[in-house]
Amino acid sequence: NIYKFLIFILILALAIILVFYWQKNQRRKPVTMTKSPIEKITETKVFFPKKTADNQDIIFLDQNRRLISLNLKNKAPSEKGQISLEQIKDVLWSPVKMQFLAKTIKAEEIHWWFYDMEKNIQNDLGTKIQNPIWSITGEKIFYQYFDEFTDKNELSTANPDGRSWRRLADLPSLVDY
């Protein structure tokens, strides 16, 4: 019985050594990269790109804050509008609609804006909105509302343009007294 046990341990140790040896040799093999064609589709600088839901176009802001839709098949750009906002730091695209939330910073103050490309609507959402996200359907946004003067801190939802807002829950105070 002791011999069977020793043979079993010896075979197990040999198997472990072989596995480690095989893995070590696998790491040494050169990785061959397949070359995928990278194609330049525009001469314009592209900021905050997003593919459309149908994967036919890319929407982006250019260096002049113009909204551009670029067809991926024929590379034809079309201007969708001009954004008057300056110092845009981030854009959160709607998951399904031609809308976005834009974050601007001026004098160290974060400001959020709503923009609808199809209706050419721009709404000021203010400076008290923090951490906005889109609902899956794009019909609502969820965000943290914080007013540092009243210490009001809550989780809220609204239409993307800021209308029909509703408090979902109170959040702990962010001010330490």
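No experiment lies behind these values; they were computed from the predicted model shown.

Rules behind the numbers
- Residues numbered from 1 in each chain as written.
- Predicted model: local features only at pLDDT ≥ 70, side-chain atom pairs only at ≥ 80, totals over all residues.
- Heavy atoms only, no water.
- Helix = DSSP H or I, 4+ residues; strand = E, 2+ residues; numbered from the N terminus.
- Rg over C-alpha atoms; globule rule 2.2 N^0.38 Å.
- Buried < 20%, exposed > 50% of the residue type's maximum accessible area, 1.4 Å probe, protein only.
- Contact = heavy atoms within 4.5 Å.
- Areas by Shrake-Rupley, 256 points an atom, 1.4 Å probe, with all protein chains shown as cover.
- Pairing = 2+ DSSP bridges.
- Axes fitted to C-alpha atoms, helices over the stretch in contact; angles between N-to-C directions.
- Phe/Tyr/Trp six-rings, centres within 6.5 Å; stacked < 30°, edge-to-face > 60°.
- Patch = residues over 30% accessible without salt bridge, like charges linked within 9 Å, V, L, I, M, F, W, Y side chains within 5 Å.
- Salt bridge = Lys/Arg side-chain N within 4 Å of Asp/Glu carboxyl O.
- Core = buried A, V, L, I, M, F, W, Y, C linked by side-chain atoms within 4.5 Å.

Peer 1: Even after reading the chapter, I still don't get the overall build of the protein, so can you show me in this structure?
Peer 2: For the protein, the helix and strand inventory stands at 1 helix and 12 strands. The C-alpha atoms of the protein give a radius of gyration of 27 Å, which is well past the 16 Å a tight globule of 177 residues would have. Projected onto its principal axes, the C-alpha coordinates of the protein cover approximately 80 × 55 × 30 Å. Across the 177 residues of the protein, 31% fall into the buried class. Sequence-distant contacts in the protein: of pairs separated by 6 or more residues, those separated by 24 or more amount to 24%. As displayed, the protein has an accessible area near 13000 Å², and 57% of this comes from carbon and sulfur atoms.

Peer 1: What exactly am I supposed to notice about the sheet that holds strand E12 (residues 166-170) here?
Peer 2: Strand pairing in a sheet is mediated by backbone hydrogen bonds. Such pairs are either parallel or antiparallel. Spatially, 4 strands are ordered E9-E10-E11-E12 in an open sheet, and the strand pairing comes out antiparallel. Every other strand in the sheet has two partners, leaving strand E9 (129-134) and E12 as the edge strands with one partner each. Along the sheet, successive strands turn relative to each other by an average axial angle of 25°, direction set aside.

Peer 1: So what exactly am I meant to see when it comes to the packing of aromatic side chains here?
Peer 2: The relative placement of two aromatic rings is captured by the distance of their centres and the angle of their planes. Scanning the model with the defined rule gives 2 aromatic pairs in all. Clustering of aromatic rings is evident, with ring pairs tying together Trp93, Phe100 and Tyr115.

Peer 1: Got a minute to help me understand a nonpolar patch on the surface in this structure?
Peer 2: A grouping of Ile2, Tyr3, Phe5, Leu6, Phe8, Ile9, Leu12, Ile16 and Phe20 is seen on the molecular surface, where their side chains present a nonpolar patch of about 990 Å² in accessible area. As for its placement among the helices and strands, leucine 12 is situated in helix H1 (residues 2-28). Given the relative accessible area of 41%, leucine 12 is considered partly exposed.

Peer 1: Where do I start with the nonpolar core in this structure?
Peer 2: Looking at soluble globular proteins, one finds that nonpolar side chains tend to be buried together. Counting residues in each nonpolar core, the largest one holds 14 residues, and the members touching the most others are Leu67, Ile83, Ile88, Trp93, Phe100 and Met117. Going through the elements one at a time, strand E2 (57-61), strand E5 (88-93), strand E6 (99-106) and strand E7 (109-116) are the ones with two or more residues in this core. Counting residues per element, this core draws most heavily on E5, at 3 residues. Excluding residues that lie within four positions of it along the chain, leucine 67 makes contacts with Phe60, Leu61, Ser78, Glu79, Lys80, Gly81, Ile83, Trp93, Phe100, Tyr115 and Met117. Among the nonpolar cores identified, the runner-up in size contains 9 residues, and Leu101, Trp112, Ile129 and Ile141 belong to it.

Peer 1: I'm lost on the environment of threonine 104 in this one. Help?
Peer 2: In this fold, threonine 104 is placed in strand E6. For threonine 104, a relative accessible area of 7% gives the class buried. Taking the C-alpha atoms as reference points, threonine 104 and lysine 119, separated by 15 residues in sequence, lie 21 Å from one another. Apart from the residues lying within four places of it in its own chain, the contact partners of threonine 104 are Leu85, Glu86, Gln87, Ile88, Lys89, Glu109, Ile110, His111 and Trp113.

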